[in-house]
Amino acid sequence: MGKKSSVLEGNLVIVESPAKAKTIENFLGTDYIVKSSYGHIRDLSKADFGVDINNKYKPDYIVSSDKKEVVKDLKNLVANVKTVWLASDEDREGEAIAWHLYDELGLTKENTKRIVFHEITKDAILNAIKTPRSIDINLVNAQQARRVLDRLVGFELSPLLWKKVKPSLSAGRVQSVAVRLLVDREREVHAFEPIASYRVTALFLVEDEKGKVTELKSELSKRFDTLEETKAFLENCIDAVFTVSKVEKKPLTKKPAAPFTTSTLQQEASRKLGFSVAQTMSVAQKLYESGKITYMRTDSVNLSELALNMAAKQITDNMGEQYVKIRKYKTASKGAQEAHEAIRPTYLDQQTIAGSSAEQRLYEMIWKRTIASQMSDAQLEKTIIHINAGNTGEHFNASGEIIKFDGFLKVYIESSDAENEHDEDNDSLIPPLNEGDELNMQIVEARQRWSQKPPRYTEASLVRKLEELGIGRPSTYAPTISTVQNRGYVIKEDRDGEERHYKSLIINEGKVVVSDKTEITGAERHKLFPTDIGIVVNDFLVKHFENILSFDFTAKVEKEFDEIATGHLEWTQSIDDFYKPFHQLVEDTLEHSEKSVGEREMGTDPASGKPIIVRIGRFGPLAQIGDSSDENDKPRFASLRKGQLLETITLEEVLDLFKLPRSLGEFEGKEVVIGIGRFGPYIRHNSKFVSLKKDVDDPYEIDLDTAIQRIITKREEDEKKLILSFDEEPDLQVLNGRWGPFIKFEKGNYKIPKDKVAETLTLEECRAIIKNDTSVNKGKVKATAKTATVKVAAKKKTTAKKPAAAKATKKSVKK
């Protein structure tokens, strides 16, 4: 105890996370104790916005319920140390965490020091302690302004949406703009009219002096609009002499990309590793806190002199001096802080690290990008061959690149979001050719092609777009994209392509052969799609709050936050300039706008003559036949299917929805019915429900044999799952689970002790396990355990005359 007391008399370092605390603790001596605040300890209260609007927007901060013990422990430690070092991250969020700790723990300027570092290394930590500073209130105010503004917008708009669109909706300032981008793009896609043309390619065989034959792929320099034009050109090619009219050789220089910022890291991890934005930030956070990379929330591309020297040494030692080219990148963003660094490894001599697969892959990508940024340009030679197509007046082009000096390409090649229809036609090696050479035509082929629709956003391309527009900052990209998905306004998914017919023409045995072929086109992978509710909410907000949802206005607000952070703007004045007109607009909209549910009239039901509409309902988008106001004749409803939108669904598709529920026939003397409920498509048989297989069974096409298969499979699964049931307590079962047997009682799941055999448990033993269970691992289990014990006890009173060990029924499921 004496030793512990001497530590507490020295220094207390407070950081945001236990992992960061553990790493820093290894660098400091016994005079320092390092503790975590587990993120923010305070937030705005939920009462009255958590902001005093009439008192210069003074925030009402309260300690979060889950942080009260943390704050209590920190206060006890503070009382026994000489100096408190606030070592939260160096960005606005970290500065705000330090300020909240300072305020809530009752610290003073005399006993408090603020330290910052952008990498967790021994040298960085010790240097930070030598050069402490005070809390930067401007950075704190910039974070407060963002938090207060977002709270005011959310608390004003959300109740408006409850009344005008649908209950339980919410809206955020930056999130709403992100949804608008997706809705706008979705409408561009649906409005897009593809233009057809014919792409002509040719394959030539080139023989060198040694008799080696090389294929030369080429493409006609123009496209034809019609089948007739294309066919006529190919017919002229049958007897044409193909000659090289020109050989162009151009030197090319490729430069490496800058080191990673938060935005470019998220984009590249998505393209190269398939990571979501949230996953990238989670893995990067672990790498940072374990001291492997520098701070991962940054918009700077700057590298320190130490990093530049380390990179030069690594490149020289491993590849030679000719590969070194030191570069000092400058960030284009006005709000960027050049004092910060780009994301890089803390130790560039470590090309690989220990850790999870995700950590290793992300680290390796960061290492390669950092090293490549300080390497020489790649020198290439691009060759373009122009080939005359006889007397047609047209010519083919073939191109290829030769790497003269690989430079940074030896280490790293940046990926692209471009969706190229002809990825198979990348530049290839060009055989030696001279002007006037005749070429041996092997194939001339034409295919009908179409102009490409605007690409839907991936998480990575949405981050890039937000950054281009000046919307959001490094700390907001990932939360924004996660939030719009969690609220159900956006979904990320794959969608299969559709079959498309096209014309193909080829020269075969001296004739042009025209054929009809099919291909799959338009497949989407990991794309973001706005949902119906997202579209309806977006349209309502754009209609009534056009200025607030404009890209320019949102970018302007971000610039104001930057000005607050540098002390050039008073934060409460910025809030006041926004809030007063905004609040009045909310009041006017509440009073004068109509309810908006995306309702669209589709036509008339041929069978009943009643009107058909589609709209947003309580549980999502639906189709409706009949009028809700007619009490004597209630309308019929059907949920829209996956991939269907209120805006684009057709009358024929709507009518198909009402084919459910449909009867397939009988099984075991009971009717088998297919329907769609709140939780998706199902089979109903003998008052029991069986879910259809996702992405396999179509409720509109499934037949009786397949449905019976699903019913039997479900029974077998239930039999294997059930170990015991009790006639005296129907709600209590012993079941097989993913992690072994457990007791299920009402809504609670209870672990069976290791010294018990599930198959031999009695009802009394099960009741005792429930009564003694203290687990909290499944949400409501703890509360349920308490109520379950009470209910079991109550049942015991009514069954007191029965034997103590109630009879258990093995596998007692009704079939």
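Summarised in this report is the structure supplied together with it. Predicted, not measured: the structure shown is a model, and the values here were computed from it.

Remarks on the nonpolar core
Now for step 1: Formed by 139 residues in total, the largest nonpolar core has its most connected members in Phe-117 and Leu-362.
Now for step 2: Residue contributions to this core peak at eleven residues, all from helix H6 (residues 137-164).
Now for step 3: The contact partners of Leu-362, leaving out residues within four places of it in the chain, are Leu-265, Ala-269, Leu-273, Phe-275, Thr-280, Val-283, Ala-284 and Leu-287.
Now for step 4: Membership of the second largest hydrophobic core comes to 27 residues, among which are Leu-216, Phe-224, Cys-237 and Val-444.

As for helix H2 (residues 18-25)
Now for step 1: Of the residues making up H2, those classed as buried are Lys-20, Ala-21, Thr-23 and Ile-24. Looking straight down H2, one finds its buried side chains confined to an arc of 165 degrees; they lie on one side.

Comments concerning the pairing of strand S1 (residues 11-15)
Now for step 1: Judged by how many residues are buried, S1 sits mostly within the fold: five of five residues are covered.
Now for step 2: Residues of S1 alternate between two faces, with Asn-11, Val-13 and Val-15 on one and Leu-12 and Ile-14 on the opposite face, all of them buried.
Now for step 3: When S1 meets strand S7 (residues 83-86), the two strands line up parallel, connected through four bridges. Paired with Ile-14 across the bridge in S7 is Leu-86.
Now for step 4: Sheet topology note: the S1/strand S2 (residues 32-36) ladder contains five bridges and is parallel. Paired with Ile-14 across the two strands is Lys-35, which belongs to S2.

So, the pattern of salt bridges
Now for step 1: The full count for this structure, using the stated rule, is 57 salt bridges.
Now for step 2: With a closest N to O distance of 3.0 Å, Asp-103 and Arg-42 form a salt bridge. Taken as a pair, Asp-103 in helix H4 (residues 92-104) and Arg-42 in strand S3 (residues 42-44) lie far apart in primary sequence, 61 residues in all.
Now for step 3: Given a relative accessible area of 43%, Asp-103 falls into the partly exposed group.
Now for step 4: What emerges from the salt-bridge pattern is a single network uniting Glu-16, Lys-20, Asp-89, Asp-91 and Arg-297.

What counts and how
- Residues numbered from 1 in each chain as written.
- Predicted model: local features only at pLDDT ≥ 70, side-chain atom pairs only at ≥ 80, totals over all residues.
- Heavy atoms only, no water.
- Core = buried A, V, L, I, M, F, W, Y, C linked by side-chain atoms within 4.5 Å.
- Buried < 20%, exposed > 50% of the residue type's maximum accessible area, 1.4 Å probe, protein only.
- Helix = DSSP H or I, 4+ residues; strand = E, 2+ residues; numbered from the N terminus.
- Contact = heavy atoms within 4.5 Å.
- Arc of directions from axis to C-beta.
- Pairing = 2+ DSSP bridges.
- Salt bridge = Lys/Arg side-chain N within 4 Å of Asp/Glu carboxyl O.

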